[in-house]
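Report on the structure
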Amino acid sequence: MKKIISVSIAAILLVMSVFSVNAFAADTTKTEALLDKLNTSKEVAVSLKAGDIPLFGSNSNASDTVYIKGDKAAYEYNAGFLSVRVVLDGDEIIAYLPILPFIHVKLESSALGSVDIWGLIEDATKITMGVLAYVDTYEEELGGVKYTVEEFNDRAQVTSKFYYQGDDLKLLNVVDKQTNSVQNTYFESISFDVDDSVFELPAISFDLTPILQGLFLALIAA
């Protein structure tokens, strides 16, 4: 369960870092617009590309998606035919396979504790706003695709570039000159309209926690 929480919170914090912007930028950026939308909507779904995984003799595109709406949250790992969803609603933490919704596993609710998700988002936003400084906005072609790029830095060694197609964020590129490291995060989608059905638990389902708990935890840790 701790792995599930760490994956979900890490995804949330990663996404929130994308919404960071220098408060003294001359013009409103696409990143600022995303931040404003987040703070007013109180619901968001962020899907990140998780790369290709070998599945049944071929590679399958995998993704990690975090859903938040009010005090509800869900995490889904999707690799095409194989996927697992974890729903957090109040004190209930239920994991199940969408292709087999009539069986589920209950995970340790005590491991979650009292987590203020929107408080975490607000704190992460404040921290990154104080670190990143707006540099410039320009056009760049990458892999034959044209993007609008918003560039930021930390006033030192780290440069962050946010690649947009229209208003949709597609790539976050972070280069640390001090360590010569490059990190790319690919976004499938960011939505501020989350359907309530995402958090609905199977109407009729059997609790197979003793049998399948290990399987669910292994899939989520993949």
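Described in the following lines is the structure provided in the data block. Given the structure is predicted, the values throughout are model-derived calculations rather than measurements.

1. Thoughts on the pairing of strand E8 (residues 145–153)
On a regular strand, each side chain points to the face opposite its neighbour's, so the side chains alternate between the two faces of the sheet. Pairing of strand E7 (residues 133–142) with E8 involves nine bridges; the strand directions are antiparallel. Each residue of the ladder has a partner; that of Leu 142, found in E8, is Val 145. The turn linking E7 back onto E8 is made up of two residues, and Gly 143 within it adopts a positive phi angle of 60°. Taken together, the six bridges between E8 and strand E9 (residues 158–165) define a ladder with antiparallel strand orientation. By the bridge assignment, Val 149 is partnered in E9 with Tyr 163. Following E8, the chain reverses through four residues before pairing antiparallel with E9; Arg 155 in that reversal takes a positive phi of roughly 65°.

2. Regarding the nonpolar core
By size, the foremost hydrophobic cluster in this structure holds 26 residues, and its most contacted members are Val 44, Ile 68, Phe 162, Phe 187 and Ile 190. Contributing elements (two or more residues each) for this core: helix H2 (30–41), strand E1 (43–55), strand E2 (58–69), strand E3 (72–79), helix H3 (117–131), E9, strand E10 (168–176) and strand E11 (181–191). No other element matches E3, which puts four residues into this core. If you look at the next biggest cluster of nonpolar residues, it comprises nine residues, including Tyr 67, Tyr 96, Val 198 and Phe 199.

3. Section: the environment of Val 44
The residue Val 44 is located in strand E1 in this model. Using a relative accessible area of 2% as the deciding quantity, one classes Val 44 as buried. Each C-alpha atom, one on Val 44 and one on Phe 192, is 4.4 Å from the other, the two residues being 148 residues apart in sequence. Beyond its immediate chain neighbours, meaning those up to four positions away, Val 44 contacts Leu 38, Val 66, Tyr 67, Ile 68, Trp 118, Ile 190, Ser 191, Phe 192 and Val 194.

The rules behind the values
Residues numbered from 1 in each chain as written. Predicted model: local features only at pLDDT ≥ 70, side-chain atom pairs only at ≥ 80, totals over all residues. Heavy atoms only, no water. Pairing = 2+ DSSP bridges. Helix = DSSP H or I, 4+ residues; strand = E, 2+ residues; numbered from the N terminus. Core = buried A, V, L, I, M, F, W, Y, C linked by side-chain atoms within 4.5 Å. Buried < 20%, exposed > 50% of the residue type's maximum accessible area, 1.4 Å probe, protein only. Contact = heavy atoms within 4.5 Å.

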